[in-house]
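Listed below, chain by chain, are the residues.
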Amino acid sequence: MLSTPTSSGTIVGGEATGRWAVAMVQGLYIVIVTYLLFRVDWGDPWGALLILVAFSAVGAGAGMLMGATFKNDQQAGGIGAVLSRGLAALGGCMLPIELFSPAMTRVAHLTPHAWALDGFAELVRRDGTVADILPEIGVLVVYATVLLLLASWRLRAVLTRP
């Protein structure tokens, strides 16, 4: 692809859009089905959608970086499974972050998972609005941007290596 005038950023962006779309479909499916079947209250629908959009972008960026970093799909699958589950656990997806010590809460916020969960907590527990979750959305957008930029840089480095 790099033999064409297409930049590595464009290639990564196109690939990431597909990964983002898959994550969005999965996330929307979970939100809609849990609402319809179990009456799960996700809070402000626009806020929940924004969190889903931003967190899906983080996932797309992480997937693109892994794809540009690992040599084969076995490496990416194995390391990705351990890394994703570890970050999810650290970020509060497996144990409520409220049960973490203050030090562990600060560590948890090194992950995008904690920020997404904070946004959902604001929407659901405190009847927050989009304005209330803008800091969380901002952090998730920064994560996504950094991951996509790193993926683009890494892809260019791998494909132009002599």
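See the structure printed just above.
Structure report, in brief. Since this is a predicted model, take the numbers as computed values, not measurements. (Residues numbered from 1 in each chain as written. Predicted model: local features only at pLDDT ≥ 70, side-chain atom pairs only at ≥ 80, totals over all residues. Heavy atoms only, no water.)

### Here's the deal with helix H5 (residues 112-125)
Link 1 in the chain: Over its 14 residues, H5 runs 20 Å from end to end, which matches the ideal 20 Å to within 8%, given 1.5 Å per residue.
Link 2 in the chain: Counting buried positions along H5 gives 10 out of 14 residues, so the element sits mostly inside the fold.
Link 3 in the chain: Taken together, the buried positions of H5 are Pro 112, His 113, Ala 114, Ala 116, Asp 118, Gly 119, Phe 120, Ala 121, Glu 122 and Leu 123.
Link 4 in the chain: Elements that come into contact with the buried residues of H5 comprise helix H2 (45-69), helix H3 (73-90), helix H4 (102-108) and helix H6 (134-159).
Link 5 in the chain: Within two residues after H5, Asp 127 carries a phi angle of roughly 50°, on the positive side. (Helix = DSSP H or I, 4+ residues; strand = E, 2+ residues; numbered from the N terminus. Expected span 1.5 Å × (residues − 1). Buried < 20%, exposed > 50% of the residue type's maximum accessible area, 1.4 Å probe, protein only. Contact = heavy atoms within 4.5 Å.)

### Considering the packing of aromatic side chains
Each aromatic ring pair is specified by the distance between its two centres and by the angle formed by the two planes.
Link 1 in the chain: Applying the stated criterion to the full structure yields one aromatic pair.
Link 2 in the chain: With a centroid separation of 5.5 Å and 65° between ring planes, the pair formed by Trp 42 and Phe 120 is classed as edge-to-face. With a gap of 78 residues between them, Trp 42 in the loop between helix H1 (8-38) and H2 and Phe 120 in helix H5 connect regions that are remote in the sequence.
Link 3 in the chain: Its relative accessible area of 22% is what places Trp 42 among the partly exposed residues.
Link 4 in the chain: Here the guanidinium or amino end of Arg 39 rests over the ring plane of Tyr 35, the centre of that ring lying 5.4 Å away. (Phe/Tyr/Trp six-rings, centres within 6.5 Å; stacked < 30°, edge-to-face > 60°. Lys NZ or Arg CZ within 6 Å of the ring centre and 35° of its normal.)

### What to know about the environment of Val 141
Link 1 in the chain: Position of Val 141 relative to the elements: it lies in helix H6.
Link 2 in the chain: Given the relative accessible area of 41%, Val 141 is considered partly exposed.
Link 3 in the chain: Counting along the chain gives 84 residues from Val 141 to Ala 57, while the straight-line C-alpha distance between them is 7.6 Å.

### With respect to the side chain of His 109
Link 1 in the chain: Tracing the sequence through the fold places His 109 in the loop between H4 and H5.
Link 2 in the chain: Sequence-distant contacts of His 109, defined by excluding residues within four places in its chain, comprise Ile 97, Ala 114, Trp 115, Asp 118 and Tyr 143.

### Side note on the side chain of Asp 118
Link 1 in the chain: You can see Asp 118 is positioned in helix H5.
Link 2 in the chain: For the buried Asp 118, which has no salt bridge, the nearest side chain bearing the opposite charge is Arg 126, at an N-O separation of 6.2 Å.
Link 3 in the chain: Looking at Asp 118, its side chain comes within polar contact range of the side chain of His 109, at 2.4 Å.
Link 4 in the chain: Contacts of Asp 118, omitting those with residues within four sequence positions, involve His 109, Arg 126 and Glu 136. (Lys, Arg positive; Asp, Glu negative; His and termini not counted. Salt bridge = Lys/Arg side-chain N within 4 Å of Asp/Glu carboxyl O. Polar contact = N/O pair within 3.5 Å; in protein donor to acceptor, adjacent residues only side chain to side chain.)

### Points about the nonpolar core
Link 1 in the chain: The biggest cluster of nonpolar side chains holds 12 residues, and these are Ala 48, Ile 51, Ala 54, Val 58, Ala 116, Phe 120, Leu 123, Ile 133, Ile 137, Leu 140, Ala 144 and Leu 147.
Link 2 in the chain: Where this core is concerned, the elements lending two or more residues are H2, H5 and H6.
Link 3 in the chain: Apart from the residues within four sequence positions on either side, Ala 48 is in contact with Trp 42, Phe 120 and Leu 123.
Link 4 in the chain: Of all hydrophobic cores here, the second largest spans eight residues; its members include Ile 11, Val 12, Ala 60 and Leu 155. (Core = buried A, V, L, I, M, F, W, Y, C linked by side-chain atoms within 4.5 Å.)

What is shown is where atoms sit, not what they do.
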